[in-house]
Amino acid sequence: MAQRLALRRFLSISPQKLCVPPVSILSKVSAAPCYPRSLVPLTQITVPASIRTFSTTPVCRATFNIQDGSDFQDRVVNSQKPVVVDFHAQWCGPCKILGPRLEKMVAKQQGKVLMAKVDIDDHTDLAIEYEVSAVPTVLAMKNGDVVDKFVGIKDEDQLEAFLKKLIGA
């Protein structure tokens, strides 16, 4: 979302605004010749190193949505890192509270653990396979095996203890 907004702002800047160097640069070069903007092609303008750039390459995220059974197999069961699997539903009130709280706690682990989100309405086969009888159900998986599990909502301290136990810290 933030990248879209930044890209939209960048694309809304007209080429004429890009041609005008900042005042601080003009003050350093007092004898800079002045040319009408129409005579100076954009290729001849040098951009100072102090201007920040941004990248639109995808960032490896610790949280991801499962698309299908093979995606679950590839990203969760075959994962080298421990994975927290959040079985949730769109209509589930406690899931809407637990989901963001769990994502925040996983992000604090700085890549030591991943989080997979599985919508039980879209992936009933996975819910049946992992014996999910109520939502939210959270599984802790390591090397393809379920090592811990809880059902229901937890506070941040309990979630942190759950993650530390999974990581082994």
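Residues numbered from 1 in each chain as written. Predicted model: local features only at pLDDT ≥ 70, side-chain atom pairs only at ≥ 80, totals over all residues. Heavy atoms only, no water.

Asker: Which residues make up helix α7 (residues 156-167), and what values do they have?
Answerer: Compared with an ideal rise of 1.5 Å per residue, which puts 12 residues at 16 Å, α7 spans 16 Å between its outermost C-alpha atoms and is within 8% of the ideal. For α7, the secondary structure elements touched by its buried residues are β2 (83-88), α5 (93-108), β4 (137-142) and β5 (145-151). Looking one or two places after α7, you find Gly168, whose phi comes out positive at around 95°. (Helix = DSSP H or I, 4+ residues; strand = E, 2+ residues; numbered from the N terminus. Expected span 1.5 Å × (residues − 1). Contact = heavy atoms within 4.5 Å.)

Asker: Just give me the short version of the packing of α5 against α7, but keep the residues and values in it.
Answerer: At a closest axis distance of 10 Å, the pairing of α5 and α7 adopts a crossing angle of 50°. With respect to each other, α5 and α7 are oriented oblique. For the pair α5 and α7, the crossing hand works out as right-handed. Contact with α5, carried on its side by Leu98, Arg101, Leu102, Lys104, Met105 and Val106, involves Glu156, Leu159, Glu160 and Leu163 of α7 and no other residues of that element. Split into classes, the residues belonging to the contact of α5 with α7 amount to 6 nonpolar, no polar and 4 charged. (Axes fitted to C-alpha atoms, helices over the stretch in contact; angles between N-to-C directions. Parallel < 35°, antiparallel > 145°, perpendicular 65-115°, else oblique. Left-handed = near helix turned anticlockwise from the far one by under 90°. Nonpolar A, V, L, I, M, F, W, Y, C, P; charged D, E, K, R; others polar.)

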